[in-house]
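Each chain, written out:
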Amino acid sequence: MAIATVLDAFLASYDRGHDLDGFSGARLAARLAAIAQIGITPDGGSARMGFSPQEAEAKDLVCSWMEEAGLSVRSDTVGNCFGRLPGLDGTLPLVMCGSHIDTVPAGGHFDGVLGVLLALEMVEMWKETGFVPERTYEIAIFTDEEGTRFNVGFVGSATMTGALPADELKGLSDQDGRSFPSVVKQAGLSVENFPEAQRDLSELAAFVEVHIEQGLVLEQQNLPIGIVSGICGLIGLEITLKGMASHAGSTPMNYRRDALVTAGRIVAEISALPSQFSTTAVATVGQLTVFPNGSNVIPGEVHFSVDIRDIETSSLEKLSARIVAMATEFTDRDGIELLCNRVSFAPPGAVNKQLVAKQEEIVRGLGIEPFKLPSGAGHDAMQIAPHVPTAMFFVRSKDGISHNPSEFSSLQDCAVAARALSAFLRTLLSRTNEF
Ligand code: HGY
Ligand code: MN
Ligand code: MN
């Protein structure tokens, strides 16, 4: 759907009766539309790569709203932005809530953005209802969650936790050969200063992220929101096959070392493997480039990505190992050279059981059946979960579509998510709650 359609539909079908507890559907819709305009693509999607001018512009816009709402705003050396609402007792560990606003190359308007805007909507709601938190409340906009440019995701959140040392980033280059340091330098940052963004996570009592589900489960359950029971881990591989470029016309078929034919066999087999390991395992080849990429040249070299996910580390690792073994088998048989690099790894994210129980109570209190579901998608929350009690809410995705301009969640469902998030955070922000 083109942006006007998505966002017109967003507000047009909204019943203002859902404007409860200080929530304003019109304010959320206007802000989502304003961000959607930044990096809009010809087909009405979003293109705001990490460290791009578009991501920076969108972060600046949200930071201006945070300042207008009376928050003190800062950004760290990796480009994460934080808006702080001081609590009555600043000595207590704080509660953080947030997500990301960078996108995949032709993404939608809700992935990450909804979580950031709802984190800010809390402050607006609490101003209207006179709620003052005992603990400090901090909104986070994590930079480069998608990792679109360098195929390493969660750069902002993983740098904040210390899970991603700057040295692992310095050697990266994008598809145009641009180095990571030079790209972040253009964004006004220096990878040398990234370590200063690492945070003492004992300052955080809890982390909460609201995100669109990006799947079909809540729609099938006919529920507006769900409670995330765990976040799939992921392994990223980069594979290069080297054959022999040669003339497409004069080279007999049995005399070829065609890297693309072997790559095709491997890609097809990758799609068949996950079900042999678990019902939640998935594997995707999302990027593939052919060299020299001439219609009359036998492909000499092929590069492709493999994105592997599962909720359990053991099956995730076994699937990854099987994919590498299969690729080795196929390339040996075809006389093709294989280079395989593991470029990213994020362990499965475990949410906090006590927080989940509190979420269930809150959702039930809204008259909605609490429903727990795993996240097949990765989120900044999975970087923080090993260090800080963490919880996530999901908002229903229309037709389960995401990473696509047609990504859509209804404003009604967002209003329900806002009320659940507000009630949940108000519990966490009281001094008496220890998790
Ligand atoms: O890839 C993911 O799961 C997320 O969208 N970064
Ligand atoms: Mn995403
Ligand atoms: Mn996301």
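The structure displayed is predicted, hence computed values, not measured ones.

Student: Requested: an account of the coordination of the manganese ion (ligand 3), with residues and values cited.
Tutor: Within the protein, the manganese ion (ligand 3) binds to H100 (NE2), D111 (OD) and H211 (NE2); these donor distances fall in the range 2.1 to 2.2 Å. Donor residues for the manganese ion (ligand 3) sit on one chain with the sequence pattern H-x10-D-x99-H.

Student: So what about the site of ligand 1? Which residues, and what values?
Tutor: Within the structure, ligand 1 sits among E145, E146, R309, A377, G378 and H403. R309 is positioned with one of its side-chain polar atoms (N or O) 2.6 Å from an oxygen atom of ligand 1. Measuring from an oxygen atom of ligand 1, one finds a side-chain N or O atom of H403 at 3.1 Å. Burial of ligand 1 by the protein amounts to 88% of the accessible area it has alone, namely 220 Å². Of the residues contributing to the shell around ligand 1, the split by class is one nonpolar, two polar and three charged.

Student: Give a detailed account of the pattern of salt bridges, specifying residues and quantitative values.
Tutor: Considering all chains together, one arrives at 23 salt bridges under this definition. A salt bridge links K59 to E55; its shortest N-O distance comes to 3.8 Å. Within this pair, K59 and its partner E55 are both found in helix α3 (residues 53-68), separated by four residues, close to a single helical turn. Each member of the pair, K59 as well as E55, carries the same accessibility label: buried. For R396, the salt bridge goes to D413, with nearest N and O atoms at 2.7 Å. Of the two residues, R396 is situated in the loop between β15 (390-395) and α13 (411-428) and D413 in helix α13; the sequence distance between them amounts to 17 residues. Members of the salt-bridge network, linked through shared partners, are R84, E138, R199 and E203.

Student: So, the domain arrangement of the chain: which residues are in play, and what are the values?
Tutor: Interfaces are often sized by the amount of accessible area the parts lose when they come together. Segmenting the chain into domains produces domain 1 (3-232 + 349-428) and domain 2 (233-346). Taking the mean C-alpha position of each, domain 1 and domain 2 sit 33 Å from one another. Tallying the contact residues gives 14 residues for domain 1 and 11 residues for domain 2. Roughly 870 Å² of surface becomes buried between domain 1 and domain 2 when both sides are summed, with 57% attributable to carbon and sulfur atoms. When the area that domain 1 buries against domain 2 is broken down by residue, the three leading residues are N151, Q175 and C232, summing to 55%. Counting the contacts that link domain 1 with domain 2 gives zero salt bridges. Applying the counting criterion to the domain 1 and domain 2 interface returns four residue pairs in polar contact (both at pLDDT 80 or more). Counting residues per element, the ones that place at least two in the side of domain 1 that touches domain 2 are β6 (225-231) and α12 (380-384). Residues belonging to the side of domain 1 that touches domain 2 are distributed by class as follows: seven nonpolar, seven polar and no charged.

Calculation criteria
Every chain begins its residue count from 1, and numbering advances along the sequence as written. Lettering for chains starts from A, numbering for ligands starts from 1, and both go in the order in which the items are written. Per-residue local features of the predicted model are confined to residues with pLDDT of at least 70, and side-chain atom pairs are confined, for both listing and counting, to 80 or more; whole-chain, interface and lining totals are unaffected and use all residues. Hydrogens and waters are ignored; side-chain quantities use all the structure's heavy atoms. Listed donor atoms are N, O and S within 2.8 Å of the metal (Na, K and Ca: 3.2 Å). As water is not included, a site may look incomplete. Proximity is defined per residue: if any heavy atom of the residue lies within 4 Å of a molecule or strand, that residue is considered near it. The term polar contact refers here to a pair of N or O atoms within 3.5 Å; inside protein, the definition further demands a hydrogen-donor-capable atom paired with an acceptor-capable atom, and it admits residues adjacent in sequence only when both atoms are side-chain atoms. Shrake-Rupley sampling with a 1.4 Å probe provides the accessible areas, and residues are treated as covered by the protein chains on show and by no other component. Gly counts as polar in this scheme, as do all residues outside two lists: the nonpolar Ala, Val, Leu, Ile, Met, Phe, Trp, Tyr, Cys and Pro, and the charged Asp, Glu, Lys and Arg. Just to be clear on terms, a salt bridge is a Lys or Arg side-chain nitrogen sitting within 4 Å of an Asp or Glu carboxyl oxygen. Only DSSP runs of H or I with at least four residues qualify as helices, and only runs of E with at least two residues qualify as strands; both kinds are numbered from the N terminus onward. Relative accessible area decides the class of each residue, using a 1.4 Å probe on protein chains only: under 20% of the type maximum gives buried, over 50% gives exposed, and in between gives partly exposed. Delimitation of the domains relies on an automatic or database domain assignment. By the convention used here, residues are in contact when the closest approach between their heavy atoms is within 4.5 Å. Buried surface area refers to the total accessible area, computed with a probe of radius 1.4 Å, that the two partners give up upon joining, counted for both partners together.

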